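# Summary of the model geometry
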Amino acid sequence: MAQQVFTIDGHAYNVRVMSLTRSFEVLDGENTGRTIADGAMFRDIIGTYYNYEMEIDCSKLSPGDYDELWEILSAPVDSHAVSFPYGRAGVLTQQMYVSSGSDQLQRVEDGKNFWAGLKIKYIAMRAKRVP
C-alpha cells in the first residue's frame, strides 16, 4: 500500500502504512431483542461506530521516535484524537481508543533492539452516525 497519512493527537509520524482496514459496528442498546408475541426483532440502535486496524512499517523512525510512538499507543488514557483516510478522498478525525497493539522483535544489534510489524486496533469512542 502506498504511504498513507495518519495522525494521533495532531502528530504525524514518518511511517509507511502496510495495511489499513476500516470496519463499522451498528451497536444496539439494552432494549434490543425479540418480541414474545411473534419473535419479531426490535432494535434499540445507538449508532454506527467506525473502527480501524492498521499495520505500519516504522523502519524510517529513529529508535527514540519508535519508542515514543509505542509509549503513546500503549498509554493508559481514555482516547486519542486520530485521523485516518475515509471514503474516496476524505479524512475521518475522531476520538478513538487503542484496544490493542503488537510488534515483533526483528533483531538485536550492538545492544539495540529492532522491532517490526507494528499492528494497532483503534475503536471509536462515540457513534459517528446516530438514528
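To be clear, the structure that these remarks concern was listed above.
Residues numbered from 1 in each chain as written. Predicted model: local features only at pLDDT ≥ 70, side-chain atom pairs only at ≥ 80, totals over all residues. Heavy atoms only, no water.

## What about the pattern of salt bridges?
Applying the stated criterion across every chain yields a total of two salt bridges. Measuring nitrogen to oxygen at the nearest pair gives 3.0 Å for the salt bridge that ties Arg43 to Asp28. Placement of the pair is Arg43 in the loop between β5 (41-42) and β6 (45-57) and Asp28 in strand β3 (residues 16-28), with a sequence separation of 15 residues. Under the relative-accessibility criterion, Asp28 is labelled partly exposed at 31%. Across the pair Glu109 and Arg107 runs a salt bridge whose closest N-O atoms are separated by 3.0 Å. A relative accessible area of 36% means that Arg107 is categorised as partly exposed. (Salt bridge = Lys/Arg side-chain N within 4 Å of Asp/Glu carboxyl O. Helix = DSSP H or I, 4+ residues; strand = E, 2+ residues; numbered from the N terminus. Buried < 20%, exposed > 50% of the residue type's maximum accessible area, 1.4 Å probe, protein only.)

## So, helix α1 (residues 63-73)
Working note: α-helix, 3.6 residues per turn, so residues spaced by three or four point in the same direction. Turning to α1, its buried residues are Tyr66, Leu69 and Leu73. For α1, the angular spread of the buried residues around the axis is 60°, confining them to a single face. Away from the buried face of α1 by more than 90 degrees, exposed residues Pro63 and Glu71 are located. In this fold, the buried residues of α1 make contact with β1 (7-8), β6, β8 (90-109) and β9 (112-124). (Arc of directions from axis to C-beta. Contact = heavy atoms within 4.5 Å.)

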